[in-house]
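Secondary and tertiary structure notes
Chain by chain, the residues run as shown.
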Amino acid sequence: MRLGVLDVGSNTVHLLVVDAHRGAHPWPAHSEKAVLRLAEQIGPDGALRDTGADALVEAVGTARASAAALGVDELLAFATSAVREATNAAEVLARVRDATGVRLEVLPGADEARMTFLAVRRWFGWSAGRLLVLDIGGGSLEIAAGIDEDPDLAVSLPLGAGRLTRDRLGVDPCSDRPPAPETVDELREYVDGLLEPVAERMTGVGWDRSVATSKTFRTLARLAGAAPSGAGLWAKRRLTRSGLRQVLGFIRHIPPAQLVELEGVSAGRSHQLLAGAVVAEAVMRRLGVDSLDICPWALREGVILDRLDRLAPV
């Protein structure tokens, strides 16, 4: 069957179309995305601004038209933290439904972590042993660990790169000055404070292999010397804590407007890179992780795999 996954994330609205059947590898047939940065369009009252809602309706409508043109049998549409936590979420979801016919399912943070964990487990297989999986999104950080396909522990924290850029760094994407050192230090203290109780719980679960997904981790790994995207899906990529510290040490002194000039850094998220690096360093340090394997599969693939698992055997 041909499945479409529409992921309304805190940074992008991403449509992934795959050809797959139960028990098979899902092969990508089409991918398109719109960069909306919804996590940065939340107002002081916690509501998604009208400009963000307008852009969301347009992006979802475009994605639905693409899915129809590609002959998608089923469209799985969901939204994560930016929409999930907006005070006007119900109104925004109703507007999207009325304007496009697409019903967005709001995915709870813990379920987001579980779906991502499933994708990573399938990618690395049972030989990976007990897994620790980290994912930094625009609005939240997901952490999961366990031995099975469903993790023993899955948590979501409000430590997304977009959210922290908006709320803690106050970074202007066009700024020609880096954030003040004391601002970055305050961000690190804030992140450490939220991680402390979770780190204690995670350490009790234990793991054999540490894995990271998401654009933030891929970008940080690339800056630390990992293979570029052009090397292909199967290239082994890794991010070490020492390499991450070096990356964090130099990007904190680079103005947001200049970060996009670094190889592997996308224009739409370049100003979020510093916040993402602070979170990545903090979670690796707090959990005692020296190295992370980078997995190309993440939430979208997890949603697809979960849906295929629920199909009746042929």
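Placed above this text is the structure.
Calculation rules
- Along each chain, residue indices are assigned from 1 in the same order as the chain's sequence is written.
- Given that this is a predicted model, residues contribute local features only at a pLDDT of at least 70 and side-chain atom pairs are listed and counted only at 80 or more, while totals for whole chains, interfaces and linings are drawn from all residues.
- The side-chain numbers reported here are obtained from all heavy atoms of the structure, hydrogens and water having been left aside.
- Stacked, tilted and edge-to-face are the three classes assigned to paired rings of Phe, Tyr and Trp, where Trp is represented by its six-membered ring and a pair needs centres within 6.5 Å; plane angles under 30 degrees give stacked, over 60 edge-to-face, the rest tilted.
- Strands are runs of DSSP state E lasting at least two residues, helices are runs of H or I lasting at least four, and both sets are numbered from the N terminus onward.
- Any two strands are treated as partners once DSSP identifies two or more bridges connecting them.
- Orientation is described by lines fitted to C-alpha atoms, with helices fitted over the stretch in contact, and by angles between N-to-C directions that extend from 0 to 180 degrees.
- Throughout, a residue-residue contact means that at least one pair of heavy atoms, one from each residue, lies within 4.5 Å.
- Here, expected helix span is obtained from the residue count minus one, scaled by 1.5 Å.
- Summary of the burial criterion: residues with accessible area below 20% of their type's maximum are buried, those above 50% are exposed, and those between are partly exposed, where the area comes from a 1.4 Å probe applied to protein chains only.
- Any angle from 65 to 115 degrees is called roughly perpendicular, while one under 35 is roughly parallel, one over 145 is roughly antiparallel, and all others are oblique.
- Two helices crossing with the near one rotated counterclockwise from the far one by less than a right angle form a left-handed crossing, whereas a clockwise rotation gives a right-handed crossing.
- Definition of nonpolar core: a set of buried residues of the types Ala, Val, Leu, Ile, Met, Phe, Trp, Tyr and Cys, connected through side-chain atoms within 4.5 Å.

1. Structural notes on the packing of aromatic side chains
- The final tally for this structure, using the stated rule, is two aromatic pairs.
- Consider the rings of Trp 123 and Trp 234, whose centres lie 4.9 Å apart with planes at 15°: the pair is stacked. One end of the pair, Trp 123, is in helix H4 (residues 109–124); the other, Trp 234, is in the loop between helix H7 (215–223) and strand E10 (238–240), and 111 residues separate them in sequence.
- Aromatic side chains Trp 123 and Trp 297 sit 5.2 Å apart centroid to centroid with 65° between the ring planes, which places their arrangement in the edge-to-face category.

2. Notes on the sheet that holds strand E9 (residues 209–213)
- The six strands lie next to each other as E8-E7-E6-E9-E11-E10, forming an open sheet whose pairing is mixed. Taken across any chain shown, the strands that pair with only one partner, and hence form the sheet edges, are strand E8 (153–157) and E10. Shown here is a sheet whose adjacent strand axes are inclined to one another by a mean of 20°, direction ignored.
- Where E9 and strand E11 (residues 291–294) come together, two bridges link them in parallel fashion. Its bridge partner being in E11, Val 211 is matched across the sheet by Asp 293.

3. Some points on the sheet that holds strand E2 (residues 12–19)
- With mixed pairing, five strands are arranged side by side in an open sheet as E3-E2-E1-E4-E5. Because the sheet does not close on itself, it has two edges, and the strands there are strand E3 (27–35) and strand E5 (105–106).
- The sheet contact formed by E2 and E3 spans eight bridges and is antiparallel. Within E3, the residue paired with Val 13 across the bridge is Ala 34.
- Contacts from helix H1 (residues 50–69) reach strand E1 (2–8), E2, E3 and strand E4 (74–79), with the element oriented near 10° to E2.

4. A word on helix H10 (residues 273–287)
- In a regular helix each residue adds 1.5 Å, so 15 residues correspond to 21 Å; H10 covers 21 Å between its end C-alpha atoms and thus fits that length.
- Of all 15 residues in H10, 13 are buried; the element is thus mostly enclosed.

5. Details of the environment of Ala 82
- Relative to the assigned elements, Ala 82 resides in helix H2 (residues 81–84).
- Owing to a relative accessible area of 8%, Ala 82 belongs among the buried residues under this scheme.
- Along the backbone, Ala 82 and Trp 207 are 125 residues apart, and their C-alpha atoms lie at a distance of 30 Å.
- In this structure, Ala 82 is in contact with Ser 10, Leu 38, Ala 39 and Ile 42, ignoring residues within four places of it in sequence.

6. Comments concerning helix H11 (residues 299–309)
- The buried fraction of H11 amounts to eight of the 11 residues, a majority that puts the element mostly inside the structure.
- When H11 is considered as a whole, its buried residues turn out to be Leu 299, Glu 301, Gly 302, Val 303, Ile 304, Leu 305, Arg 307 and Leu 308.
- The elements touched by buried residues of H11 are E1, E2, E4 and H4.

7. A look at the side chain of Ser 66
- Topologically, Ser 66 is positioned in helix H1.
- Apart from residues no more than four positions distant in its own chain, Ser 66 is found in contact with Leu 15 and Glu 32.

8. A short note on the pairing of E2
- In terms of burial, E2 is largely enclosed, as seven of its eight residues are buried.
- Two strands pair when backbone bridges link them, and E1 and E2 are joined in this way by seven bridges, in the antiparallel orientation. Bridging from a neighbouring strand, Val 5 pairs with Leu 16 of E2.

9. Some words on the packing of helix H8 (residues 241–251) against H10
- At their nearest, the axes of H8 and H10 sit 10 Å apart, and the two run at 150° to each other. As judged from the angle between their axes, H8 and H10 are roughly antiparallel. Once H8 is placed against H10, the crossing between them reads as left-handed. Across the interface between the two elements, Arg 241, Leu 244, Arg 245, Leu 248 and Ile 251 from H8 touch Leu 273, Leu 274, Ala 277, Val 278, Ala 280, Glu 281, Met 284 and Arg 285 from H10.

10. A look at unusual backbone geometry
- Even without glycine at this site, Arg 37 takes up a positive phi of about 50°.
- With respect to the helices and strands, the residue Arg 37 is situated in the loop between E3 and H1.
- A positive phi angle, near 95°, is found at Ser 214, a position not held by glycine.
- Take Ser 214: it is sitting in the loop between E9 and H7.

11. A look at the nonpolar core
- The biggest cluster of nonpolar side chains holds 49 residues, and the ones touching the most others in it are Leu 141, Ile 143, Val 191, Leu 195, Met 202 and Phe 217.
- For this core, the leading source of residues is H10, giving 11 residues.
- Those residues in contact with Leu 141 that lie beyond four places of it in its chain are Asp 135, Ile 136, Val 155, Ser 156, Leu 157, Leu 159, Gly 160, Leu 195, Val 279 and Val 283.
- Membership of the second largest hydrophobic core comes to 27 residues, among which are Leu 15, Leu 36, Val 72 and Ala 82.

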